[in-house]
Amino acid sequence: MVTSLSRSTFKDLLALAHDLADQSRAAIRPHFRKQMAVDNKAGAGGFDPVTRADQGAERAIVRLLRSRVPEHGIIGEEYGESRSEAALQWVVDPIDGTRSFITGTPMWGTLIGLLHSGMPVLGLMDQPYTGERYWSGEAAAYLREAEGKPRRIRTRACPRVGDALMMTTSPELFEPGDETEGFERVRREVRMTRYGGDCYAYCLLAAGFVDLVIEAGLKSYDIVALIPIIERAGGRVTTWDGRPATSGGRILAAGDPKLHGKVLKLLNR
């Protein structure tokens, strides 16, 4: 998959995405593994945590976007949407994996994605604690580790379901009935399943360490940034019915497109 933007425009927007990640990293890093208040956005009967690190990071991102590209739209987890009519829309999750964040587990990251006329054209995932950063170039995907140089990453070949290593954030993502049953059909067939990870699991897939990520109940800001990273590394991301994953929902990501087709059938058997 290549972008619909000119090379010079893409280069400028990618540089901006890196600047946004630098700003959010500075806002988040001082709070990790520190005691802080955790608010519950879900109210009574649920738990959807948010911290001042989430809120501060999104404010920093929005502030820079409004300064540099005020004509662009923004879709953020914490503060909603602005300029929804704009052709270019930044889709931001300041901390994807807040549950991991508040437990001191480094399986979380900042997601910064860009839609052009509704299509994902650029994605970046930054992990402030480990210093890792994954992103999509025009036609490839890259990883820069702490103090390292950027290197190209690729998904790995794994056409057989029985050889696949699968991740999902939690079995609690799946509603009883079709979702749980579909996931269990795949889980029984794969070689190994690991839980936890949020956005980090998708990036491990792009880097060739994981073959499948299956989840449900995602929002657009949970997945938009990850689609270009995975697809330009050689993988495929759709909903469980094979449609574009841009709006979230039930998500299937596979490193090998051949594996994707087989697992899609298993999910919908």
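Refer to the preceding data block for the structure.
Our subject in this report is the structure included herewith. Worth saying up front: this structure is predicted, and the values here are computed from it rather than measured. Residue indices follow the written sequence of each chain, beginning from 1 at its first position. Given that this is a predicted model, residues contribute local features only at a pLDDT of at least 70 and side-chain atom pairs are listed and counted only at 80 or more, while totals for whole chains, interfaces and linings are drawn from all residues. Each side-chain value is worked out from all heavy atoms of the structure, with water and hydrogens disregarded.

**Describing the nonpolar core**
The tendency in soluble globular proteins is for nonpolar side chains to be buried side by side. In terms of nonpolar packing, the biggest core is built from 30 residues, with M125, Y134, Y202, I223 and V237 touching the most fellow members. Under the DSSP-based scheme used, a helix requires at least four consecutive residues in state H or I and a strand at least two consecutive residues in state E, with every element numbered from the N terminus. Looking at this core, the elements that each hand over two or more residues are β9 (141–144), α5 (199–206), β13 (212–218), α7 (226–232) and β15 (249–254). Of the residues forming this core, the biggest block, eight residues, is contributed by α5. For I223, the residues in contact, after removing those within four places along its chain, are Y202, L218, V237, A245, T246, G248 and I251. Remark: nonpolar core denotes a set of buried residues (Ala, Val, Leu, Ile, Met, Phe, Trp, Tyr, Cys) joined through side-chain atoms within 4.5 Å. Throughout this description, buried means an accessible area under 20% of the type-specific maximum (1.4 Å probe, protein chains only), exposed means over 50%, and partly exposed covers the range between. Of all hydrophobic cores here, the second largest spans 23 residues; its members include L13, L16, L20 and W90. Contact between two residues is taken to exist if any of their heavy atoms lie within 4.5 Å; hydrogens are not considered.

**As for the pairing of β15**
Summarising the sheet, β13 and β15 pair through five bridges and their orientation is antiparallel. Bridging across to β15, L212 finds its partner in A254. Two elements, strand β14 (residues 236–239) and β15, share four bridges in a ladder whose sense is antiparallel. From the neighbouring strand, T238 faces β15, where its bridge partner is L252. Strand pairing follows a simple DSSP-based rule, namely that at least 2 bridges must link the two strands.

**Comments concerning the sheet that holds β14**
In sheet architecture, strand pairing relies on hydrogen bonds along the backbone and comes in two forms, parallel and antiparallel. On the basis of which strands lie adjacent, the open sheet formed by five strands has the order β12-β11-β13-β15-β14 and mixed pairing. Among the strands making up the open sheet, the edge pair consists of β12 (192–195) and β14. Each neighbouring strand pair of the sheet contributes to a mean axis angle of 20 degrees, computed without reference to strand direction. Pairing of strand β11 (residues 165–168) with β13 involves two bridges; the strand directions are parallel. Residue pairing for β13: M167 is matched across the bridge by V213. Angular values range over 0 to 180 degrees, each being the angle between N-to-C directions of two axes fitted as lines to C-alpha atoms, with helices fitted over their stretch in contact. Helix α8 (residues 257–267) contacts β13, β14 and β15 of the sheet and is inclined by roughly 145 degrees relative to β15.

**Remarks on a nonpolar patch on the surface**
Exposure above 30% relative accessible area and the absence of a salt bridge qualify a residue for a patch, where like charges join within 9 Å and nonpolar side chains (Val, Leu, Ile, Met, Phe, Trp, Tyr) within 5 Å. Working definition of accessibility: Shrake-Rupley area with a 1.4 Å probe, residue cover restricted to the visible protein chains. Salt bridge criterion: a side-chain nitrogen from Lys or Arg within 4 Å of a carboxyl oxygen from Asp or Glu. Taken together, the side chains of V38, F47 and I102 present a nonpolar region at the surface, about 230 Å² in accessible area. Looking at the element boundaries, F47 is found in the loop between β1 (39–40) and β2 (49–50). Relative accessible area serves as the criterion here: at 42%, F47 is assigned to the partly exposed category.

**Some thoughts on the packing of helix α1 (residues 7–28) against helix α2 (residues 52–68)**
Where α1 meets α2, the axes come as close as 8 Å, and the angle between the chain directions of the two elements is 150 degrees. Note that α1 runs across α2; the crossing there is right-handed. Contacts from L16, D19, L20, Q23, S24, A27 and I28 of α1 reach α2 at A53, G56, A57, A60, I61, L64, L65 and R68. Throughout, the ten residues Ala, Val, Leu, Ile, Met, Phe, Trp, Tyr, Cys and Pro are labelled nonpolar, Asp, Glu, Lys and Arg are labelled charged, and all others, Gly among them, are labelled polar. Residue classes in the contact of α1 with α2 are distributed as 10 nonpolar, three polar and two charged. Handedness of each helix crossing follows the sense of rotation of the near helix against the far helix: counterclockwise by less than a right angle gives left-handed, clockwise gives right-handed.

**Here's the deal with the sheet that holds strand β7 (residues 119–127)**
On the basis of which strands lie adjacent, the open sheet formed by eight strands has the order β4-β3-β5-β6-β7-β8-β9-β10 and mixed pairing. One side of each edge strand has no neighbouring strand; the edge strands of this open sheet are β4 (80–82) and β10 (151–153). For this sheet, the mean angle separating the axes of adjacent strands, direction not counted, is 20 degrees. Bridge count between β7 and strand β8 (residues 132–136): four bridges; the pairing is antiparallel.

**Regarding the pattern of salt bridges**
Between side chains of opposite charge, a pair can form as their charged atoms come close. This structure, assessed with the given rule, holds 15 salt bridges. Between D19 and R68 there is a salt bridge whose closest N-O contact spans 3.1 Å. Placement of the pair is D19 in helix α1 and R68 in helix α2, with a sequence separation of 49 residues. On the basis of relative accessibility, which here comes to 28%, the residue D19 falls in the partly exposed class. Taking the relative accessible area as the measure of exposure, R68 reaches 46% and is therefore partly exposed. For E78, the salt bridge identified is with K41, shortest N-O distance 3.3 Å. In this pair, E78 sits in the loop between β3 (73–76) and β4 while K41 sits in the loop between β1 and β2, placing the two residues 37 residues apart along the sequence.

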